[in-house]
Amino acid sequence: MPPVINQDKCTRCGICADICNFDVYFGSEQGEFPKVTYPDECWHCNACVLDCPKGSIWLRIPLSAMLLYK
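## Comments concerning the nonpolar core
Line of reasoning, step 1. Listed in full, the 12 residues of the largest apolar core are Ile5, Cys10, Cys16, Cys20, Val24, Tyr25, Cys42, Cys48, Cys52, Ile57, Leu59 and Ile61.
Line of reasoning, step 2. Ignoring anything within four residues of it in the chain, the contact list for Val24 reads Pro3, Lys35, Val36, Thr37, Tyr38, Glu41 and Cys42.

What follows is the structure, encoded as C-alpha cells:
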C-alpha cells in the first residue's frame, strides 16, 4: 500500500522523493506536492517517513505484513 502524505503538513521540500530507493515518487517536482507514482513498488522501508522534516508522511501497512510488522 502506498505512503500517505498529509498535504496540510507537507512543505513540498522533495526529501521523500530524493530518499526513496524504489522511485515510488517518480516524476515529483521540487516545490510541488509529491506524487505517489508507483505505489506497488513501496517496500515500506520507512525512509521517507523518518526523513520527512514535518512528519507529513505515514505508511499504510498491508494486512498480510501487519502480522510481521512491529
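## So, the state of the cysteines
Line of reasoning, step 1. Enumeration according to the criterion identifies 0 disulfides in this entry.
Line of reasoning, step 2. Unpaired in this structure, Cys52 has its nearest cysteine sulfur neighbour in Cys13, at a distance of 6.0 Å.

## Side note on the side chain of Ser28
Line of reasoning, step 1. Inspection of the secondary structure assignment puts Ser28 in the loop between α1 (15-19) and α2 (47-51).
Line of reasoning, step 2. Separated by 2.9 Å, the side chain of Ser28 and the backbone oxygen of Tyr25 make a polar contact.
Line of reasoning, step 3. A distance of 2.8 Å separates a polar side-chain atom of Ser28 from the backbone nitrogen of Lys35.

## Considering the environment of Cys48
Line of reasoning, step 1. Position of Cys48 among the secondary structure elements: in helix α2.
Line of reasoning, step 2. With 11 residues separating them along the chain, Cys48 and Leu59 place their C-alpha atoms 9.3 Å apart.
Line of reasoning, step 3. Among all residues touching Cys48, those that are not within four sequence positions of it are Cys16, Ile19, Tyr25 and Ile57.

## As for the side chain of Ser56
Line of reasoning, step 1. By the element assignment, Ser56 lies in the loop between α2 and β2 (57-59).
Line of reasoning, step 2. The class for Ser56 is buried, based on a relative accessible area of 3%.

## Digging into the environment of Asp8
Line of reasoning, step 1. Mapped onto the elements of the fold, Asp8 is located in the loop between β1 (3-5) and α1.
Line of reasoning, step 2. Accessibility expressed as a relative area gives 77% for Asp8, which makes it exposed.
Line of reasoning, step 3. Between the C-alpha atoms of Asp8 and Ser56, which are 48 residues apart in sequence, the distance is 8.0 Å.

## Some remarks on the environment of Val4
Line of reasoning, step 1. Summarising the element assignment, Val4 is placed in strand β1.
Line of reasoning, step 2. Contacts of Val4, omitting those with residues within four sequence positions, involve Ser56, Ile57, Trp58 and Arg60.

Conventions and cut-offs
Residues numbered from 1 in each chain as written. Predicted model: local features only at pLDDT ≥ 70, side-chain atom pairs only at ≥ 80, totals over all residues. Heavy atoms only, no water. Core = buried A, V, L, I, M, F, W, Y, C linked by side-chain atoms within 4.5 Å. Buried < 20%, exposed > 50% of the residue type's maximum accessible area, 1.4 Å probe, protein only. Contact = heavy atoms within 4.5 Å. Disulfide = S-S within 2.5 Å. Helix = DSSP H or I, 4+ residues; strand = E, 2+ residues; numbered from the N terminus. Polar contact = N/O pair within 3.5 Å; in protein donor to acceptor, adjacent residues only side chain to side chain.

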